[in-house]
Amino acid sequence: IYAELSDGELAALTAAGRQPAFGEIVRRYRDPIYRLVRGCTGDPEEALDLTQDCFAAAFRTIGQFDHERSMRAWLATIALNRCRDWR
């Protein structure tokens, strides 16, 4: 059921306490976010940790997601900030 929903709908459901909705967000974006982070760090293990940190931060702040924006862009911004902090 979650696979059919938009990113905005998934974000709203997550904010309302439906954790499986966030699982769908992770499923959709974990690979591209990991590739982005891996490119920044050059280290596959660090990239895994930072990708996890990215999604944890996104989960905590999902209520701030602007439904007019791209979920992928929002997550990429979080990931790049995590990479900057790591450096």
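These numbers come from a predicted model, not from an experiment.

Novice: What exactly am I supposed to notice about the overall build of the protein chain here?
Specialist: Scanning the protein chain from N- to C-terminus turns up four helices and zero strands. Ordered by position in the sequence, the α and β elements of the protein chain form the string α-α-α-α. For 87 residues, the compact-globule formula gives about 12 Å, and the C-alpha radius of gyration of the protein chain, at 13 Å, lands near that figure. With the C-alpha coordinates of the protein chain rotated into their principal frame, the extents come out at 35 × 20 × 20 Å. Per-residue burial over the protein chain gives 34% buried out of 87 residues. Roughly 5200 Å² of accessible area belongs to the protein chain as shown, and the carbon and sulfur atoms make up 47% of that amount. One way to put it: in the protein chain the 12 positive side-chain charges average out to a point 2 Å from where the 13 negative ones average out.

Novice: Whenever I open this one, the environment of Glu68 confuses me. Can you help?
Specialist: Within the secondary structure layout, Glu68 lies in the loop between helix H3 (44-60) and helix H4 (71-86). Glu68 gets classed as exposed once you look at its relative accessible area, which sits at 75%. Sequence spacing of Glu68 and Gly8 is 60 residues, and the spatial spacing of their C-alpha atoms is 8.2 Å.

Novice: Looking at this structure, how should I read the packing of aromatic side chains?
Specialist: Both the distance between ring centres and the angle between the ring planes are used here to describe each pair of aromatic rings. Enumeration over the complete set of coordinates arrives at three aromatic pairs. Measuring from ring centre to ring centre gives 5.2 Å for Phe22 and Phe59, while their planes differ by 70°; the resulting arrangement is edge-to-face. With a gap of 37 residues between them, Phe22 in helix H2 (residues 19-41) and Phe59 in helix H3 connect regions that are remote in the sequence. By relative accessible area, which is 8% here, Phe22 ends up buried. Connected via pairs of aromatic rings, a cluster forms that spans Phe22, Phe55 and Phe59.

What counts, and where the lines are drawn
Residues numbered from 1 in each chain as written. Predicted model: local features only at pLDDT ≥ 70, side-chain atom pairs only at ≥ 80, totals over all residues. Heavy atoms only, no water. Helix = DSSP H or I, 4+ residues; strand = E, 2+ residues; numbered from the N terminus. Rg over C-alpha atoms; globule rule 2.2 N^0.38 Å. Buried < 20%, exposed > 50% of the residue type's maximum accessible area, 1.4 Å probe, protein only. Areas by Shrake-Rupley, 256 points an atom, 1.4 Å probe, with all protein chains shown as cover. Lys, Arg positive; Asp, Glu negative; His and termini not counted. Charge placed at Lys NZ, Arg CZ, Asp CG, Glu CD. Phe/Tyr/Trp six-rings, centres within 6.5 Å; stacked < 30°, edge-to-face > 60°.

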